[in-house]
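This is what each chain is made of:
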Amino acid sequence: MSEPFDAQMDLRDAANVGSRQRPRDAATLILTRGGRNLEVLMGRRADSHVFMANKWVFPGGRIDPSDFRAGYTGDLNSETARRLEKELPARRARALALTAIRETFEETGLILGRSAPVASVVGPWREYRQAGALPDLSCLTYIARAITPPGRTRRFDARFFTAPVEALRDPDNIVSSGELDEIAWLPIKDAMALELPSITRFVLGEALEQMENPNRPIPFVRMLHGQHRIERRD
């Protein structure tokens, strides 16, 4: 098995070597479509990014205070809620699930949710609610957790979720925000051949394994004392 984190840091991270900044909570969403010929939605980060520039990634980002207040329809399924709530309070678990949905919308224009009356809200959820939708948490499956190693330009305590294309209100309406300069549905084999961050490659493999075995324990990936560590939790 390849290491779950890149062995070397980007040169733009060099000035931060030794930094002990605290990881920030974040969430990522892996959208899938197809059966045996499974595809995933990925985007390439623009060259201007300090963190993982030019790498292919899944939509995602850090939690926002508005994610704790956002409305939703359809609660987390029992297994995803159980696994998340072993790690953090229920309110924060839902907020992270909402983070994954919001960030996916902001980066790709895709709405994972159900139609609802247009609502006037302020903040990051404004455009989503103006599109006449409420996020649906029930279709999310929690599959992995990873903490960015010390010394990186950005550090995140990230939860990874999957959701099927059927959960999208309009799966063909992909609109890039500029954060990702290319967005595409890719067969798994093609995705594995791209320039991926090591953790993205690891989680992609994990997603495949969990589709075959939904009861597979969740991996928690981090570095302790300079060593990769993967713990599995039921």
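Each chain carries its own residue numbering, running from 1 in the direction its sequence is written. pLDDT decides what is reported in this predicted model: residues at 70 or higher carry local features, side-chain atom pairs at 80 or more are listed and counted, and totals for whole chains, interfaces and linings draw on all residues regardless. Note that water and hydrogens are dropped before the side-chain values are worked out from all heavy atoms of the structure.

A.B. asks: In this structure, what is going on with the overall build of the protein? I would like to understand it.
C.D. replies: Helix and strand labels come from DSSP, where a helix needs a run of H or I of at least four residues and a strand needs a run of E of at least two; each type is numbered from the N terminus. A count of helical and extended segments in the protein gives five helices and 11 strands. When accessible area is computed with a 1.4 Å probe and restricted to protein chains, residues below 20% of their type maximum are described as buried, those above 50% as exposed, and intermediate ones as partly exposed. For the protein, the proportion of its 234 residues judged to be buried stands at 50%. When contacts within the protein are restricted to residue pairs at least 6 apart in sequence, those whose partners lie at least 24 apart make up 68%. Contacts: residue pairs with any heavy atoms within 4.5 Å of one another.

A.B. asks: How do you make sense of the nonpolar core when you look at a structure like this?
C.D. replies: Ranked by internal contacts, the top residues of the largest apolar core, which has 38 residues, are Leu-29, Leu-31, Leu-112, Leu-140 and Phe-161. Put simply, the parts of the chain that give this core at least two residues each are strand 1 (24–33), helix 1 (78–84), helix 2 (90–108), strand 8 (156–164) and strand 9 (180–187). The residues touching Leu-29, leaving out its near neighbours within four places in the chain, are Phe-58, Pro-59, Ala-100, Thr-104, Leu-112, Leu-140, Phe-161, Thr-162 and Ala-163. As used here, the term nonpolar core means buried Ala, Val, Leu, Ile, Met, Phe, Trp, Tyr and Cys residues forming a set that is joined through side-chain atoms within 4.5 Å.

A.B. asks: Please explain the packing of aromatic side chains as it appears in this structure.
C.D. replies: We describe a pair of aromatic rings using the distance from one ring centre to the other and the angle between the two ring planes. Stacked, tilted and edge-to-face pairs are distinguished by plane angle, under 30 degrees for stacked and over 60 for edge-to-face with tilted covering the rest, among Phe, Tyr and Trp rings (Trp via its six-membered ring) whose centres lie within 6.5 Å. Applying the stated criterion to the full structure yields three aromatic pairs. With 5.2 Å between their ring centres and 75° between their planes, Trp-125 and Tyr-128 make a pair best called edge-to-face. The exposure classification of Trp-125 matches that of Tyr-128, with both residues buried. One aromatic cluster is present, built from ring pairs that chain together Phe-105, Trp-125 and Tyr-128.

A.B. asks: Whenever I open this one, the side chain of Arg-129 confuses me. Can you help?
C.D. replies: Examined against the element boundaries, Arg-129 turns out to sit in helix 3 (residues 126–130). Only four residue types enter the charge count, namely Lys and Arg as positive and Asp and Glu as negative; His and the chain termini do not. Salt bridge criterion: a side-chain nitrogen from Lys or Arg within 4 Å of a carboxyl oxygen from Asp or Glu. Buried within the structure, Arg-129 lacks any salt-bridge partner; its nearest side chain of opposite charge belongs to Asp-67, at an N-O separation of 12 Å. Pairs of N or O atoms within 3.5 Å make up the polar contacts considered here, provided that, within protein, one atom can donate a hydrogen while the other can accept it, and that residues adjacent in sequence are counted only when both atoms are side-chain atoms. Within the structure, the side chain of Arg-129 is placed 3.0 Å from the backbone oxygen of Ala-133, a separation counted as a polar contact. Sequence-distant contacts of Arg-129, that is, excluding residues within four places in its chain, are made with Pro-117, Val-118, Ala-119, Val-121 and Leu-134.

A.B. asks: Before we go on, may I ask you to explain the pairing of strand 8 in this structure?
C.D. replies: Regular strands place side chains that alternate from one sheet face to the opposite one. When you tally the buried positions in strand 8, you get eight out of nine residues, the bulk of the element. Here the rule is simple: two strands pair whenever DSSP picks up at least two bridges between them. Across nine bridges, strand 1 lies against strand 8 in parallel orientation. Bridge pairing links Thr-32 to Pro-164 in strand 8. Here strand 7 (residues 141–147) runs beside strand 8; their pairing, made up of six bridges, is antiparallel. Across the sheet, residue Ala-144 finds its bridge partner in strand 8, namely Phe-160.

A.B. asks: Quick question: what am I supposed to make of the environment of Glu-179 here?
C.D. replies: Within the fold, Glu-179 resides in the loop between strand 8 and strand 9. Residues Glu-179 and Arg-45 lie 134 residues apart in sequence; the distance between their C-alpha atoms is 6.2 Å.

A.B. asks: Any chance you could explain the pattern of salt bridges here in plain terms?
C.D. replies: Side chains carrying opposite charge are able to pair once their charged atoms draw close together. This model, assessed by the stated rule, comprises 21 salt bridges. Here Arg-114 makes a salt bridge to Asp-136, at a shortest N to O gap of 3.3 Å. Taken together, the residues Arg-114 in strand 5 (residues 113–115) and Asp-136 in the loop between strand 6 (133–135) and strand 7 connect sequence positions 22 residues apart. Relative accessible area serves as the criterion here: at 42%, Arg-114 is assigned to the partly exposed category. Two residues, Glu-206 and Arg-216, come together in a salt bridge whose shortest N-O distance is 2.6 Å. Of this pair, Glu-206 sits in helix 5 (residues 198–212) while Arg-216 sits in the loop between helix 5 and strand 10 (218–224); the two residues are 10 residues apart in sequence, bridging distant segments of the chain. A relative accessible area of 21% means that Arg-216 is categorised as partly exposed.

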